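Tertiary structure, described
Listed below are the residues making up each chain.
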Amino acid sequence: MSFTLSDEGVSPTERPSSKMNAMTLQIESNLNAPSVTRSRLQGLKPRLEPRFDDVILVVSELVSNSVRHGRRDSIDVKISSTD
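So, here is what we can say about the structure in this document. (Residues numbered from 1 in each chain as written. Predicted model: local features only at pLDDT ≥ 70, side-chain atom pairs only at ≥ 80, totals over all residues. Heavy atoms only, no water.)

1. Quick look at the environment of Val67
Test applied: Numbering of helices and strands runs from the N terminus; a helix is a DSSP stretch of H or I covering at least four residues, while a strand is a stretch of E covering at least two. The contact criterion used throughout is that any non-hydrogen atoms of two residues lie within 4.5 Å.
Its location among the elements puts Val67 in helix H3 (residues 52-69). Residues Val67 and Leu31, 36 residues apart in the sequence, show an inter-C-alpha distance of 7.1 Å. Once you skip the residues sitting within four places of it in the chain, Val67 turns out to touch Ser29, Asn30, Leu31, Ala33 and Ile75.

Structure, rendered in structure tokens:
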């Protein structure tokens with residue numbers, strides 16, 4: 001299984017794929033961004049088990065760093081899994 005976090009070609013809305021193995025998000029860049037991201041990724045939990053907790057940790061850290069060091073109003077997140 002591989003995971004990708006990317007800001008290329010991300011739509012401004014949450015867009016889960018038909019198989020729930022991919023999701024794109026646009027999150028407002030503020031102190032709540034990591035929590036909002038974690039909440040929105042819950043829909044992928046069944047597909048990402050048993051690595052879901054690891055994915056959430058990594059994505060939360062990346063979003064936190066984007067808020068802290070970025071200069072944008074929003075953060076684009078794309079996460080996908082492949083078998």
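Here the narrative resumes.
2. Let's talk about helix H1 (residues 33-40)
For clarity, the cut-off: Partly exposed residues are those whose accessible area sits between 20% and 50% of the maximum for their type, while under 20% is buried and over 50% is exposed, using a 1.4 Å probe and protein chains only. Of all possible arcs, the one meant is that of the directions from the helix axis to the C-beta atoms.
Among the residues of H1, Ala33, Pro34 and Thr37 are the ones counted as buried. The arc that holds every buried residue of H1, seen down its axis, measures 100°, which confines them to one face. As for H1, its buried residues are in contact with strand E2 (22-28), H3 and strand E3 (74-82).

3. Things to note about the side chain of Thr37
Along the chain, the position of Thr37 falls in helix H1. You can call Thr37 buried: its relative accessible area is 1%. Here Thr37 is in contact with Leu25, Ile27, Val59 and Val63, once residues within four sequence places are set aside.

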